[in-house]
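Survey of secondary and tertiary structure
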Amino acid sequence: MHETHLIENILGFLEKEERDSSRQIGKIYVSLSEFGGLSEEHFMEHYRHKTKGTKWETLEIEVNKIPYGPELDITKIEFK
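In this report, we go over the structure that sits alongside the text. The numbering scheme is per chain: residues are counted from 1 as the chain's sequence reads. Owing to the predicted nature of the model, reporting of local features is limited to residues with pLDDT of at least 70; listing and counting of side-chain atom pairs is limited to 80 or more, with chain, interface and lining totals taken over all residues. Only hydrogens and water are set aside when side-chain values are computed; all heavy atoms of the structure are taken into account.

Things to note about the pairing of strand 2 (residues 60-66)
Should DSSP find at least two bridges between two strands, the strands are regarded as paired. Runs of E in the DSSP output that reach at least two residues are strands. Runs of H or I that reach at least four are helices, and both are numbered from the N terminus. The pairing of strand 1 (residues 25-33) with strand 2 spans seven bridges and is parallel. Bridging across to strand 2, Leu32 finds its partner in Lys65. Handedness rule for crossovers: strands pointing away from the viewer, path from the first strand over the helix to the second running clockwise, crossover right-handed. Crossover connection from strand 1 via helix 2 (residues 40-51) to parallel strand 2: handedness right-handed.

Looking at helix 1 (residues 2-21)
Taking 1.5 Å per residue as the helical rise, helix 1 with its 20 residues ought to reach 28 Å, and the 29 Å between its terminal C-alpha atoms agrees with that figure. Relative accessibility under 20% of the residue-type maximum defines a buried residue, over 50% an exposed one, and the middle range a partly exposed one, all with a 1.4 Å probe and only protein chains included. Within the sequence span of helix 1, burial applies to Glu3, Leu6, Ile7, Ile10, Leu11, Leu14 and Glu18. Axial view of helix 1: buried residues confined to an arc of 135°, hence all on one face. Exposed positions of helix 1 whose direction lies more than 90 degrees from the buried face are Asn9, Arg19 and Asp20. Take the residue count of a helix, subtract one, and multiply by 1.5 Å to get its expected span. Directions are taken from the helix axis to each C-beta atom, and the arc is the one they span.

Side note on the pattern of salt bridges
The term salt bridge refers to a side-chain nitrogen of Lys or Arg lying within 4 Å of a carboxyl oxygen of Asp or Glu. Tallied over the full model, the rule gives seven salt bridges. Note that Glu18 and Lys55 form a salt bridge whose closest N and O atoms lie 2.5 Å from each other. Of this pair, Glu18 sits in helix 1 while Lys55 sits in the loop between helix 2 and strand 2, placing them 37 residues apart in sequence. By relative accessible area, Glu18 is classed as buried at 10%. Salt-bridge contacts for Glu78 lead to Lys76; the nearest nitrogen and oxygen are separated by 3.7 Å. Residues joined in a network through salt bridges with shared partners are Glu15, Glu18 and Lys55.

Written out as structure tokens, the structure is:
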């Protein structure tokens, strides 16, 4: 399942960012392409399912739709 691997890759990336910065992530900004196959609702459904019961469950996520570009991109990370 494409979405499951996508979420796993995102979580791996966030874990690395926390390790490298020695700070906890509080919020991420994600852009989704209008031409991609992933809606905000679909993305968040898979994210909530994959992170239930983990430290990432309460992460604040702001999703913006863009007219073109990569299907999904993390555009900004805010640390606590």
